[in-house]
Amino acid sequence: MFEPSPTTGPLIPRRPAVPMVLALGCGIVSDHYFQGSMALWITVGLCSLIVAILLDRVADCSMLVSVMILSSFFSLGAARNHSVWSMRQANNILSYATETPAPIRFRGVIDSEIEIEESERGPRIPPWMEVDRSLCFLRCETLDDGGVWNTISGRIRADIAGHLVHVQIGDHVQILGELSIPNPPKNPGSLDYRKYLKSQGVDALLSVDHPASVTLIEPGLEWQWCIQRWRKTIREECRLLFMQHLSKESRPLAASILLGDRTRMTDDLRSAFTESGTMHLLAISGMHVGILVGMLLFGCRVLNLSPRTTAVFMITAVLMYSMLTNHRPPVMRAALLSTITLIGYARYRASEGMNTLAICASMLLLWKPLDLFDVGAQLSFLAVGAILWSMTWKINQRRTDGNQFLEQEQSTFVTLTRPLGRWLLSGYSITGAIWFCTLPLTIFWFHLIAPVGFVINVLLIPLVAVALWLGYLFMIIGFLLPGLCGLIGYLFDLSLQWLLGIVDYSRELPLSHFYLPSIPAWWLIGFYLLLSVAWQLVGTKRSAFFASRAILIWTLLGLAIGTPRPHTDKLRCTFLAVGHGLSVVLELPSGETILFDAGTLGDGRRAERIVEQYLWTRNISHIDAVIVSHADHDHFNGLFGLLEVFPTKTLFFTQHFLDFKQTTVADLCEVAFKHHVPVRLVKANDQLNVISSNSVQLNILHPESTFHSKSDNANSIVLEVTFAGRRILLTGDLEKDGLLELLQQPSQPIDIFMAPHHGSKNSISTELFDWADARYAVVSTNDTDVIPRMDQLAPPKTSSLSTGNSGAITFEISPGGKIELSEFCNFADN
């Protein structure tokens, strides 16, 4: 892949920055996971430097000197990570924050741009949550502790309901709100939001009910805040231009590709780009900066500027543009890469691609060491590395190709189409290299593969280039000559409309995209270790030759092994912790997966993510049946996204569910129709024949076809699951007359009983627990008062469990009838 035959070469090519960045990365990883001390890293680094200096002039010690220098870079990376990840002052705001939100009044400085996040609309979001919010970060200064203002440190993320417009970045403010830290994850596969915030330099969260709770104390007049305000002013002027000249559909896309602002993008728009394999177009990266550089270079050539003047002008423009955007790693990487290349251009010197990329990575890791663990940064550098790798391979192929034939006389058609064919071949070879290098990481984190993206990304390059050129010209003319930007704005809007149309059409094509379980971590690590050798980041040309072939074998091994779902002869029932809501996953011994409800009070996307991540951790890629207990929003608002991601065989609910006065019910039926999910109506005494084994029975106990109640809760489905002589009873929100109907049925001992309606006082009683005679009673809620109340009502033999306390609660029933209980929070703590 690199040479026609294995030949030896130097240990490391002329890329001194590559081992340096590898050492930095290893140091960051070592401190992040093994928690060394700052004193240790400083001592190791200084000792390594001293030894390197002493041995520098000693003969035959060059290798040892190199090792000592790399050791010092290792220590530098570890120390930098330690300063960001582990070091906090004693008076940090974190010492005042708990998982339970508590009122707080403090003073601080707004140290980020205030972003107005428009509320989402749609079936996942209840009307009472459709409120715009203002998001910003604050640097803490003092806190009111019982009338005494104590000095504090730290950084918090503030979420203010409404539009915060009377203050701006740099202002000293006083805020009254509720301070908290995120709860630890309560479900398998869920994001540890507390660690994520820590990686962003955030210590706690602040929730504010109204912008009036934010009081301006003193405006920030320091020079750095003036620069930041100037930046915000320009961004706002750009948004105003978009509002005036672009259509409603194009504005969010224009803000994303030109300003790096995705706050106006809807979930559906994000999904369209994700499922069409074009998500990278939304993030300002090397392609965007490269097109800007190309436009500026064209202008400099027209003006006949000298190489040095051209380089200075372009570097200034690129750095100013990177400041205008959101400073994400792809932007900074592209800006640094362009700057280094342009400096070489001004000095008539070419730069080595991988070495330049390593210099950029080193600078960014020293600035933000935790970006090493950011998947966006990883994909960005992998993509550029793949481009450099493919270009190097093509150059080597040309050099080693000794069979050059004289071009024969060709037809006019061949002569005219040959450049297009070469361009397509080059584009698809580079895209193939990017896909090959980034696809494993994409599948591991996002569980998505979009083959249509491989096809259309190359074809979209001309359209995207034209759209970006028009966008840059539109902003420049809009600032300088606003009266003349109408035509450019029209053409820019038209190009964005075409881009959106192609993206929407592509995602709807058959086999355009599909979701699949994650690949094993051990395979992923092995793949990228081999890739680093194949790229000659480590090792020799000989090892790179063999590594490039080993990658093929490793890939075939991964495809052969795959990620099969672990076979088990047990029935597995998991009550997921979705807050005030319900979601139960039944994994049957025969391999089927049954989902009983999927929703939560509030934003249904939360329940959607919880269920989705759990299913991925279990290597489940489809759902055999979804049972919706009743028409309450907090029991099915997570299904809208799940039906899009997971192929589902059947959707079950009762006739009472079809209350089309509730728009979300109609929306769910439309989503099921769109994704070809058949709907079946069930009633009491029905048996669900969706499984391939007779060892498990799924029976509907309620409601009868003749039962009608004005209450949605009373119409809840009651599902009985029997296996190996054990019974599980899932009750939804059953209450009132529906509960009385259930209690009229013959009483049989229940092994696992779901307390109805989240354990509310209207649904649980001594009579109910006596009727159930349960071994375990589970309630899905965050209410901490439920368990004491249940313990008072339930008989002594019944063990009461709550998802709020235990996290995800899993029961495994063996063929012999043995029940094994595991609570996620207790397991995670251990």
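Use the structure listed above.
Residues numbered from 1 in each chain as written. Predicted model: local features only at pLDDT ≥ 70, side-chain atom pairs only at ≥ 80, totals over all residues. Heavy atoms only, no water.

Colleague: Hey, could you go over the overall build of the protein chain for me, with residue numbers and the actual values?
Modeller: When you go through the protein chain residue by residue, the secondary structure sums to 25 helices and 24 strands. Whereas a compact globule of 830 residues would reach a radius of gyration of roughly 28 Å, the protein chain reaches 30 Å, a difference of no more than 12%. By its C-alpha atoms, the protein chain is 90 × 75 × 65 Å across when sized along the principal axes. Burial status across the protein chain gives 50% buried among its 830 residues. Across the protein chain, the fraction of contacts at a sequence separation of at least 24, relative to all contacts at a separation of at least 6, is 72%. Carbon and sulfur atoms provide 62% of the accessible area of the protein chain, an area that totals close to 39500 Å². Side chains of the protein chain give 64 positive and 73 negative charges; the mean places of these two sets differ by 10 Å. (Helix = DSSP H or I, 4+ residues; strand = E, 2+ residues; numbered from the N terminus. Rg over C-alpha atoms; globule rule 2.2 N^0.38 Å. Buried < 20%, exposed > 50% of the residue type's maximum accessible area, 1.4 Å probe, protein only. Contact = heavy atoms within 4.5 Å. Areas by Shrake-Rupley, 256 points an atom, 1.4 Å probe, with all protein chains shown as cover. Lys, Arg positive; Asp, Glu negative; His and termini not counted. Charge placed at Lys NZ, Arg CZ, Asp CG, Glu CD.)

Colleague: Please give an account of the packing of aromatic side chains that cites residues and values.
Modeller: Geometry of an aromatic ring pair is reported as the spacing of the ring centres plus the angle between the planes. Per the stated rule, a full pass over the model turns up 24 aromatic pairs. Between the aromatic rings of Tyr428 and Phe454, the centroid separation amounts to 5.5 Å while the plane-to-plane angle is 45°, which identifies the pairing as tilted. Highlighted residues: Tyr428 in helix α13 (residues 412–446) and Phe454 in helix α14 (residues 451–480), separated in sequence by 26 residues. Classification of Tyr428 as partly exposed rests on a relative accessible area of 23%. Given the relative accessible area of 28%, Phe454 is considered partly exposed. (Phe/Tyr/Trp six-rings, centres within 6.5 Å; stacked < 30°, edge-to-face > 60°.)

Colleague: Lay out the nonpolar core with the relevant residues and their values.
Modeller: The biggest cluster of nonpolar side chains holds 53 residues, and the ones touching the most others in it are Phe242, Leu258, Tyr472 and Phe492. Elements with a minimum of two residues in this core: α5 (223–245), α6 (250–259), α7 (267–275), α8 (286–302), α9 (307–324), α10 (329–346), α14 and α15 (486–507). Setting aside anything within four residues of it in sequence, one finds Phe492 in contact with Phe242, Leu246, Ala254, Leu258, Ala467, Leu470, Gly471 and Phe474. Formed by 37 residues, the second largest nonpolar core is a distinct cluster that contains Leu336, Met354, Phe381 and Val384. (Core = buried A, V, L, I, M, F, W, Y, C linked by side-chain atoms within 4.5 Å.)

Colleague: Can you break down the sheet that holds strand β19 (residues 726–730) residue by residue, with the values?
Modeller: Two modes of strand pairing occur in sheets, parallel and antiparallel, and in both the strands are linked by backbone hydrogen bonds. Within the open sheet, the six strands sit side by side as β17-β18-β19-β20-β21-β22. Their pairing is mixed. Of all the strands in the sheet, the pair left with one neighbour each is β17 (696–702) and β22 (799–802). Adjacent strand axes in the sheet meet at a mean angle of 20°, parallel and antiparallel pairs treated alike. In terms of strand pairing, strand β21 (residues 776–779) meets β22 through four bridges, oriented parallel. Among the inter-strand pairings, Val779 is bridged to a residue of β22, identified as Ser802. Each of β21 and β22 touches helix α23 (residues 786–793); the most contacted strand, β22, lies at about 160° to it. (Pairing = 2+ DSSP bridges. Axes fitted to C-alpha atoms, helices over the stretch in contact; angles between N-to-C directions.)

Colleague: Which residues make up the packing of helix α16 (residues 521–534) against helix α17 (residues 541–561), and what values do they have?
Modeller: Where α16 meets α17, the closest approach of the two axes is 8 Å, and the angle between their N-to-C directions is 160°. With respect to their mutual orientation, α16 and α17 come out roughly antiparallel. Crossing of α16 against α17: the hand is left-handed. Between α16, through Trp522, Trp523, Gly526, Phe527, Leu530, Leu531, Val533 and Ala534, and α17, the contact on the second element is made entirely by Ser543, Ala544, Ala547, Ser548, Ala550, Ile551, Trp554, Thr555, Gly558 and Ile561. Class assignment for the residues of the contact of α16 with α17 results in 13 nonpolar, five polar and no charged. (Parallel < 35°, antiparallel > 145°, perpendicular 65-115°, else oblique. Left-handed = near helix turned anticlockwise from the far one by under 90°. Nonpolar A, V, L, I, M, F, W, Y, C, P; charged D, E, K, R; others polar.)

Colleague: Describe the packing of α8 against α9, listing the residues and the values that go with them.
Modeller: Close contact between α8 and α9 brings their axes to 10 Å; oriented N to C, the two are set at 145°. In the crossing of α8 with α9, the sense of the turn from one axis to the other is right-handed. Every residue of α9 that contacts α8 at Val289, Leu292, Val293, Leu296, Leu297 and Cys300 is listed here: Thr310, Phe313, Met314, Ala317, Val318 and Tyr321. A breakdown of the residues in the contact of α8 with α9 according to their chemical character gives eleven nonpolar, one polar and no charged.

Colleague: I'd like a rundown of helix α20 (residues 663–674), residues and numbers included.
Modeller: Helix length check: α20 (twelve residues) gives 16 Å between terminal C-alpha atoms against 16 Å at 1.5 Å per residue, within 8%. Where α20 is concerned, the buried positions are Thr664, Val665, Leu668, Val671 and Ala672. Summarising the axial view, the buried residues of α20 lie within an arc of 125°, below the 170-degree limit, and thus occupy one face. Projecting away from the buried face of α20 at angles above 90 degrees are the exposed residues Thr663, Glu670 and Phe673. The secondary structure elements touched by the buried residues of α20 are α19 (639–645), β15 (648–653) and β16 (679–681). Just past α20, the residue His676 takes up positive phi, approximately 60°. (Expected span 1.5 Å × (residues − 1). Arc of directions from axis to C-beta.)

Colleague: Tell me about helix α18 (residues 604–617), and please be specific about residues and values.
Modeller: Its 14 residues place the ends of α18 20 Å apart at the C-alpha level, agreeing with the 20 Å of an ideal helix rising 1.5 Å per residue. The element α18 is extensively covered by neighbouring structure, given that ten of its 14 residues are classed as buried. Three or more residues of α18 are buried, namely Gly604, Arg605, Ala607, Glu608, Ile610, Val611, Glu612, Tyr614, Leu615 and Trp616. Of the residues flanking the end of α18, it is Asn619, one or two places downstream, whose phi is positive at about 55°.

Colleague: Account for the side chain of Asp111, with residues named and values stated.
Modeller: By the secondary structure assignment, Asp111 is in the loop between β1 (102–110) and β2 (115–117). A polar contact is formed between the side chain of Asp111 and the side chain of Arg155, at a distance of 2.9 Å. Every residue in contact with Asp111, bar those within four places of it in the chain, is listed here: Phe137, Leu138, Arg139, Arg155, Ile169 and Trp225. (Polar contact = N/O pair within 3.5 Å; in protein donor to acceptor, adjacent residues only side chain to side chain.)

Colleague: Requested: an account of the side chain of Ser250, with residues and values cited.
Modeller: Within the element layout of this structure, Ser250 appears in helix α6. Within the structure, the side chain of Ser250 is placed 2.8 Å from the side chain of Asp493, a separation counted as a polar contact. Contacts of Ser250, omitting those with residues within four sequence positions, involve Asp493, Leu496, Gln497 and Leu500.

Colleague: Report on the environment of Asn150, specifying residues and quantitative values.
Modeller: Looking at the element boundaries, Asn150 is found in strand β4 (residues 148–151). What makes Asn150 partly exposed here is its relative accessible area of 24%. The sequence separation of Asn150 and Gln536 amounts to 386 residues, and the corresponding C-alpha distance is 55 Å. Beyond its immediate chain neighbours, meaning those up to four positions away, Asn150 contacts Tyr96, Glu141, Thr142, Leu143 and Asp145. One polar contact links Asn150 to Asp145, side chain to side chain, over a distance of 3.2 Å.

Colleague: If you had to explain the state of the cysteines to someone new, which residues and values would you point to?
Modeller: On inspection of all chains with the given rule, the structure shows zero disulfides. A disulfide-free cysteine, Cys437 has its sulfur positioned 18 Å from the sulfur of Cys360, the nearest such atom. Among the residues examined, Cys437 registers a relative accessible area of 0% and is labelled buried. (Disulfide = S-S within 2.5 Å.)

Colleague: Describe the pattern of salt bridges, listing the residues and the values that go with them.
Modeller: According to the stated counting rule, one finds 27 salt bridges in the structure shown. A salt bridge links Glu820 to Lys570; the shortest N-O distance between them is 3.7 Å. Of the two residues, Glu820 is situated in strand β24 (residues 819–823) and Lys570 in the loop between α17 and β11 (571–575); the sequence distance between them amounts to 250 residues. By relative accessible area, Lys570 is classed as partly exposed at 22%. The residue Asp603 makes a salt bridge to Arg605 at a minimum N-O spacing of 2.6 Å. The burial state of Asp603 is the same as that of Arg605; both residues are buried. (Salt bridge = Lys/Arg side-chain N within 4 Å of Asp/Glu carboxyl O.)

Colleague: Give me the pairing of strand β14 (residues 623–627): which residues, what numbers.
Modeller: Among the five residues of β14, five are classified as buried, and the element is accordingly described as predominantly covered. Read as a crossover between parallel neighbours, the route from strand β13 (residues 593–600) over α18 to β14 is right-handed. Both β14 and β15 contribute to a ladder of four bridges, which runs parallel. Bridging from a neighbouring strand, Ile623 pairs with Thr648 of β15. Each parallel crossover has a hand, and for β14 linked through α19 to β15 it is right-handed. (Right-handed = clockwise from strand over helix to strand, strands pointing away.)

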